[in-house]
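The residues making up each chain are set out below.
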Amino acid sequence: MTGQQWRATALAFVAGALERAGIIDGERFRPTMELAWPRIVTGFAIMSKQTADLAMVGAAVGTAGTAGLAFALGYWQIVTLLGLGVAGGTVTLVSQNYGGEATDRASVAVNQSVVLATALAVPIALLFVAVPGPLIALLGAGPDALVHGRIYLVYVAPAVVFELLNLIASRTYTGVGDTFTEMVARAGGAVLNVALSGLLIFGFGLGAAGAAIGTTLASGFVTVVLAWGMLGRSYGRLGMEPSPVPITRSGPWLEPTLLRQLIEISLPEIGRRLAQGAVVFPLLWIAASFGPVVVTALEVGRRVRALINSVNWGLSLAASSLVGQHLGAGEEAEAGAYGAAIIRLSTVIYAVAGALVVVFARPIAGLFVSDPAAVTQAAVFVAVGAVSSVGYGLDGAAAGALLGAGDTRWPFVASLLGRYAFALPAAALGLVTPLAVGGLYLALFLETAVPGGINYWLFHSGRWKAVSRRYRPSSEPG
């Protein structure tokens, strides 16, 4: 049996088992996984870069280095989440217009996304260069951690522009149903990132600076590779495809209707993503009151949870793309069936992955820290992060389906409630009650479970179908 035949047999077996369990039928499982698995690899590649940097800096520098990186990576996470918010509007407009065979309109939507992403990225990059020290100090970093965090922000600043453009390109490919091309580019960039960072950290002794330079160079490489296809150019025999909705160099670079729709969809999604990311700052500040070991342990738990959440990079985007394309074609019932099935599938996968990580929490923690007390503390955060990832699975799939319809306002509210009305107060309890570090454990759970439950309810309410009608190609005046 050839490798291709083995994969087909394995896929058919899994599809049959899931269909018998009532999770997702085989006819929907196949297109879902065709879209999702390259995105899962892509997400793992993206999230593994900072995780690998944290582990390597920890091995080379120690707890002060990992604590400094934890503070700096909080800001980098904001960059990524901001980009995901803008790109959320991109995938909605691209998938619905491409599904409705309005490819020219989809191309113009991509142009608007590039302009908006660049306008947001440049000021952030300049901010990282201008005031890195105050940004890190704001989170309560000690003197040693402050040095490493400040250095990282300065050297990673150029990558801000690269990362936002990479996310626009990735979401464009996802919107047209091609997740293989972006996977190859992103996975190649992740391998290059680890290789460069390792060389600079261990070979040249550059510590946090080496990690940041590796990220910047690798991100720039991915931008060049994706830009080639986004301009409609062929990749030859690499198996990658040029975008069927390429950037049109002749413009229009400002198209008022599409730009307004992009901003209208993206603003709540940006808010949802930033609410998801900004909560780390007060959490880090609270963790800092318990010392650098707890700061490191919290970041290790969050990084491991982020790796588990790579599944959402595939299933959430598959939900957005498939729901959006069927809505664009006027098939509301099929769009709903796909969304419900992907939500069930995501929840099951996250439950299994979380259980496996809980079992191996201590050896996983040992990859980042070596001191026995630090390993013990980090292992608890790894286990809590794994349990809380199930909420991420529910949240990501449901929000992805809503995003495909252009319904982004209430998921934003759900994110705010979960993180700021529930998670933060729980963490703060640890400062004034015997709960202590346990408040942070509770916060990690609530910040995913509450938005997940709300978005699940929003999807099953069905109101997103009416919202989607405003953004379909047929909504354009003729």
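What you see is a predicted model; the values in this text were computed from it and never measured.

Another point: the overall build of the chain. Looking only at helices and strands, the chain features 19 helices and zero strands. In terms of overall dimensions, the chain is globule-like: its C-alpha atoms have a radius of gyration of 21 Å, near the 23 Å expected for 478 residues. Across its three principal directions, the C-alpha atoms of the chain cover 60 × 50 × 50 Å. Counting across all 478 residues of the chain, residues that qualify as buried make up 59%. Sequence-distant contacts in the chain: of pairs separated by 6 or more residues, those separated by 24 or more amount to 81%. Carbon and sulfur atoms form 69% of the exposed surface of the chain, whose accessible area is close to 17,600 Å².

What follows concerns a nonpolar patch on the surface. A contiguous nonpolar surface patch, about 790 Å² in accessible area, is contributed by Trp285, Val358, Val387, Leu429, Leu431, Val432, Leu435, Leu442 and Phe445. Elements with a minimum of two residues in the nonpolar patch: helix H17 (409–432) and helix H18 (438–461). Its location among the elements puts valine 358 in helix H14 (residues 332–359). We classify valine 358 as partly exposed; its relative accessible area is 37%.

Time to look at the environment of alanine 125. Looking at the element boundaries, alanine 125 is found in helix H4 (residues 103–130). The contacts of alanine 125, once residues within four sequence positions are left out, are Ala157 and Val160.

Attention now moves to the packing of H17 against H18. Between H17 and H18, whose axes approach to 8 Å, the crossing angle comes to 160 degrees. One finds that H17 runs roughly antiparallel with respect to H18. In this structure, H17 meets H18 at a crossing whose hand is right-handed. Across from Trp410, Pro411, Ala414, Ser415, Leu417, Gly418, Arg419, Phe422, Ala423, Ala426, Ala427 and Gly430 in H17, the residues of H18 making contact are Gly439, Leu440, Leu442, Ala443, Leu446, Glu447, Val450, Pro451, Ile454, Asn455 and Leu458. Tallied by class, residues from the contact of H17 with H18 come to 16 nonpolar, five polar and two charged.

The rules we used
- Throughout this document, residue positions are counted from 1 along each chain, in the order its sequence is written.
- At least 70 in pLDDT is required for a residue's local features to be given in this predicted model, at least 80 for side-chain atom pairs to be given and counted, and no such filter applies to totals for whole chains, interfaces and linings, which use all residues.
- Side-chain metrics rest on all non-hydrogen atoms present in the structure, leaving aside hydrogens and water.
- Labels follow the DSSP assignment, with helices taken as runs of H or I lasting at least four residues and strands as runs of E lasting at least two, numbered in each case from the N terminus.
- The quantity called the radius of gyration is restricted to C-alpha atoms. Its globule counterpart is 2.2 Å times the number of residues to the power 0.38.
- For every residue, the accessible area (1.4 Å probe, protein chains only) is compared with the maximum for its type, and the residue is labelled buried under 20%, exposed over 50%, or partly exposed between those bounds.
- Two residues form a contact once any of their heavy atoms are found within 4.5 Å.
- Here the open area of atoms and residues is found with the Shrake-Rupley method and a 1.4 Å probe, where only the protein chains shown may cover a residue.
- Within this analysis, patches are made of residues with over 30% relative accessible area and no salt bridge. Like charges are joined at 9 Å or less; nonpolar side chains (Val, Leu, Ile, Met, Phe, Trp, Tyr) at 5 Å or less.
- In what follows, salt bridge is the name for a side-chain nitrogen of Lys or Arg lying within 4 Å of a carboxyl oxygen of Asp or Glu.
- The axes are straight lines fitted to the C-alpha atoms, using for helices just the contacting stretch, and the angles between their N-to-C directions are given from 0 to 180°.
- Here roughly perpendicular refers to angles of 65 to 115 degrees, roughly parallel to angles under 35, roughly antiparallel to angles over 145, and oblique to all remaining angles.
- With the far helix as reference, a near helix turned anticlockwise by less than a right angle produces a left-handed crossing, and one turned clockwise produces a right-handed crossing.
- Put simply, Ala, Val, Leu, Ile, Met, Phe, Trp, Tyr, Cys and Pro go in the nonpolar bin, Asp, Glu, Lys and Arg in the charged bin, and everything else, Gly too, in the polar bin.

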